[in-house]
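For reference, the chains in residue letters:
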Amino acid sequence: MRGYLFVVFFLYGLCATLFAYLISIVVTSQLAAFAFAAGGMVSLYLIYFIGYMAILTYAPAYAIDSYIQYFHWTVSLISPSASLLRTQLLSLNSFSVLCDGNQIPSYPGALTVYGGPILYLIVQIILLFTALVWWDSGYRPAFLNREKSRQQHSEENVDTIPPAVAAEMTRAEQSKDSLRALHLHKTFGSNHAVNDITFGIPQGQVFALLGPNGAGKSSTISLIRGDIHPTTHINGGGDVLIEDISIISKRAAARGHLGVCPQFDAMDSMTVTEHLYFYARARGVPDPKTSVDAILQATSLGRFHDRLASKLSGGNKRKLSLGIALMGNPSVLLLDEPSSGMDAAAKRVMWRTLLGVAAPGRALLITTHSMEEADKLATRVGIMKRKMLALGTVSDLGQQYGDAWVVQLVLKSAPETTEKEMEAVKQWVQRKIPGVQLDKWGSRGGGHGQLRFKVLKAASPESTASPAHLDNAQDGKVTEAEVHQINTSSSAASASDLGGIPGLIQLLESNRQELGLEYYSVSPTTLDEVFLRVVGEEEEETSGKKPKGTKRNGWGRFICCGLLPA
């Protein structure tokens, strides 16, 4: 009897574990998963016990045995706890359940004794395990992939897709890139977090994914890692291919080519070397020692090999996380804010490590809030806010969205420059340089001897403060005085007539003594300005404040990117 009881308890524990695992897929937190799993098992246990006692109390004496049999075989179909309780009652011979007429059954393994609970538990384990494998594999029958929300999807994508984004969609679909994210969609209730994201990253390229908080970057990373599945009812939900292996249908095989450096360091009470050996064995690296020695040398962690990881500095912890991600020599690397929490010096050391060790021969995807980091590391940049808004190299984005050069002047009299001196410099700038937009706040009074302004690359009549356009500016809540202060250039000539940045430098250098300049700088549009402008235009469009038919090169263009007050 004890042997059968042990088998039932073992099978029940395995069945309860699988049941809890299945519950964890549905709920959002560990505490909720434990509460639902434990509470569900206890509830089913009590339901069986209460039903058993009700039959013994209220059923006719001649029908009690048959009622109990029917009740047991029915409830045990869906309740592992019922099989457990039935076994406990049998072991104690409570309520004479062990009796077969006037005697005890000769074979304890019969279905009416311990064989029934054992059979039920085995079947339930097989069903739960099959359900988990099916869910984890990502396979979905055709009827679950029906495109019932195509109309809703088309309504959400009325706006024209930017040409660079459309070209990337076509290229990614036809390419053999190491990492390809194809038409990813993810909804959480009514929130469409990821809306048709498509891009590809070939080997040797670093792709930076930028976006404000809540833009869907973390959801996109989770989709690429296979932690969550795309929403399948929106145009199939898309797929992620790592070395042409689907992360949805063959997640284990795809993850074999994937290395992940998370945002937060998962350090345990082990040394640096022990961490690397642990992850080498977890990934099935055939020669752990060679891989560990190579990573210690590549990340410059050799001198800290016997130090506890928790005692490392922030920069060295990030290096260790990078080394863990590189374990197994993956062809695709995901870096989620790799330099978060690091000082400026440590960041640059980290960047050199990434460019020297991680980038060559691999496809890198980086998410970051640092425009400087993206400018330093990225081969291409994608700016997203639920959908992809802009994509290209840093220089391409600067040319596409940058319509001005930024000029900064510092006078010799700074910081004691008088308002009269500054006014003379401003008048000279407005007279000599067409398409000037003075910084409203930085140009008040003497400005402590510093003047910052923008020079439009093409100062067309539409961008000057002509009377015909002052009416449009007033419609956008920009007064004539503000327009005069920000853009007083009445010339319709193009700033490119000066010869671009070299021409501006030559002009300022030749008049340096006349203006009393100590320092000056001329720079193209930075990635920060591109990011703010792209996201700002998207916010204007989604909020409905931007009137239909507004030209991108009119006054609305400057209002949306913060050059004019809204």
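Thresholds applied
Residues numbered from 1 in each chain as written. Predicted model: local features only at pLDDT ≥ 70, side-chain atom pairs only at ≥ 80, totals over all residues. Heavy atoms only, no water. Pairing = 2+ DSSP bridges. Helix = DSSP H or I, 4+ residues; strand = E, 2+ residues; numbered from the N terminus. Contact = heavy atoms within 4.5 Å. Axes fitted to C-alpha atoms, helices over the stretch in contact; angles between N-to-C directions. pLDDT = per-residue confidence, 0-100. Polar contact = N/O pair within 3.5 Å; in protein donor to acceptor, adjacent residues only side chain to side chain. Buried < 20%, exposed > 50% of the residue type's maximum accessible area, 1.4 Å probe, protein only. Salt bridge = Lys/Arg side-chain N within 4 Å of Asp/Glu carboxyl O. Core = buried A, V, L, I, M, F, W, Y, C linked by side-chain atoms within 4.5 Å. 1 Å grid on protein atoms, 1.4 Å probe; cavity = no way out; pocket = protein on both sides within 12 Å on 5 of 7 lines; lining within 4 Å. Points joined across faces, edges and corners; volume = space filled by probe spheres on them. Nonpolar A, V, L, I, M, F, W, Y, C, P; charged D, E, K, R; others polar. Parallel < 35°, antiparallel > 145°, perpendicular 65-115°, else oblique. Left-handed = near helix turned anticlockwise from the far one by under 90°.

Brief notes about the sheet that holds strand β5 (residues 245–246)
Strand order in this open sheet of 4 strands is β2-β1-β4-β5, and the pairing throughout is antiparallel. At either end of the open sheet lies a strand with only one pairing partner, and these are β2 (191–201) and β5. One ladder, built from 8 bridges, connects strand β1 (residues 179–188) with β2; its direction is antiparallel. Looking across to β2, one finds that L179 is bridged to I201. Against the sheet, helix α7 (residues 163–174) makes contact with β1 and β2, and its axis sits at roughly 65° relative to β2, the strand it touches most.

A closer look at the confidence of the model for the chain
Summary statistics for the chain give a mean pLDDT of 78 and a share of 79% for residues scoring 70 or more. Under a pLDDT of 50 for its full length, residues 143–158 has, in the predicted model, 21 contacts with residues more than four places off or in other chains. Confidence over residues 546–566 falls short of pLDDT 50; this stretch has 44 contacts with residues more than four positions distant or in other chains.

Digging into the side chain of K454
With respect to the helices and strands, K454 occurs in strand β13 (residues 450–456). Here E529 takes part through its side chain, which lies 2.9 Å from a polar atom of the side chain of K454.

Here we look at unusual backbone geometry
The omega torsion across A414 and P415 is 0°, close enough to zero to call that bond cis. Positive phi, close to 50°, is recorded for H183, a residue that is not glycine. With respect to the helices, strands and loops of the structure, H183 is situated in strand β1. Despite not being glycine, R386 has its phi angle at roughly 75°, a positive value. Relative accessible area serves as the criterion here: at 34%, R386 is assigned to the partly exposed category.

Some details on the pattern of salt bridges
Scanning the model with the defined rule gives 14 salt bridges in all. Linking R380 and E168 is a salt bridge whose minimum nitrogen-to-oxygen distance equals 2.8 Å. Residue R380 is located in strand β9 (residues 380–385), and its partner E168 is located in helix α7; the two are separated by 212 residues in the primary sequence. By relative accessible area, which is 4% here, E168 ends up buried.

Comments concerning the sheet that holds strand β12 (residues 436–438)
On the basis of which strands lie adjacent, the open sheet formed by 4 strands has the order β12-β13-β11-β14 and antiparallel pairing. If you trace the sheet from one side to the other, it starts and ends with β12 and β14 (517–523), each paired once. Direction aside, the axes of adjacent strands within the sheet are offset by 25° on average. With 3 bridges joining them, β12 and β13 adopt antiparallel strand pairing. The partner of L438 across the bridge, within β13, is F453. On the sheet, helix α19 (residues 500–510) packs against β11 (404–411), β13 and β14 and is oriented at approximately 170° with respect to β14.

Comments concerning the nonpolar core
Ranked by size, the top nonpolar core spans 31 residues in total, and within it L276, L320, L322, L333 and L335 carry the most contacts. Here L333 is in contact with G259, V260, L322, A325, L326, A358, A363, L364 and L365, once residues within four sequence places are set aside.

Quick word on the environment of T271
Position of T271 relative to the elements: it lies in the loop between β6 (258–261) and α10 (272–282). Excluding its chain neighbours within four sequence positions, the residues that come into contact with T271 are H305, D306, R307, L308 and A309.

Re empty space enclosed by the protein
One pass over the structure, following the stated rule, counts 1 cavity of 30 Å³ or more. Size it by volume and the largest cavity reaches roughly 50 Å³. What lines the largest cavity is simply L184, L223, G226, I228, H229, P230, D239, V240, I247 and I248. Of the residues that constitute the lining of the largest cavity, the class distribution is 7 nonpolar, 2 polar and 1 charged.

Describing the packing of helix α2 (residues 30–58) against helix α3 (residues 64–75)
Interhelical geometry of α2 versus α3 gives an angle of 165° and a closest axis separation of 10 Å. Here α2 is positioned roughly antiparallel relative to α3, judged by the angle of their axes. Where α2 crosses over α3, the handedness of that crossing is right-handed. Contacts from I47, Y48, G51, Y52, I55 and L56 in α2 reach I64, Y67, I68, F71, H72 and V75 in α3.

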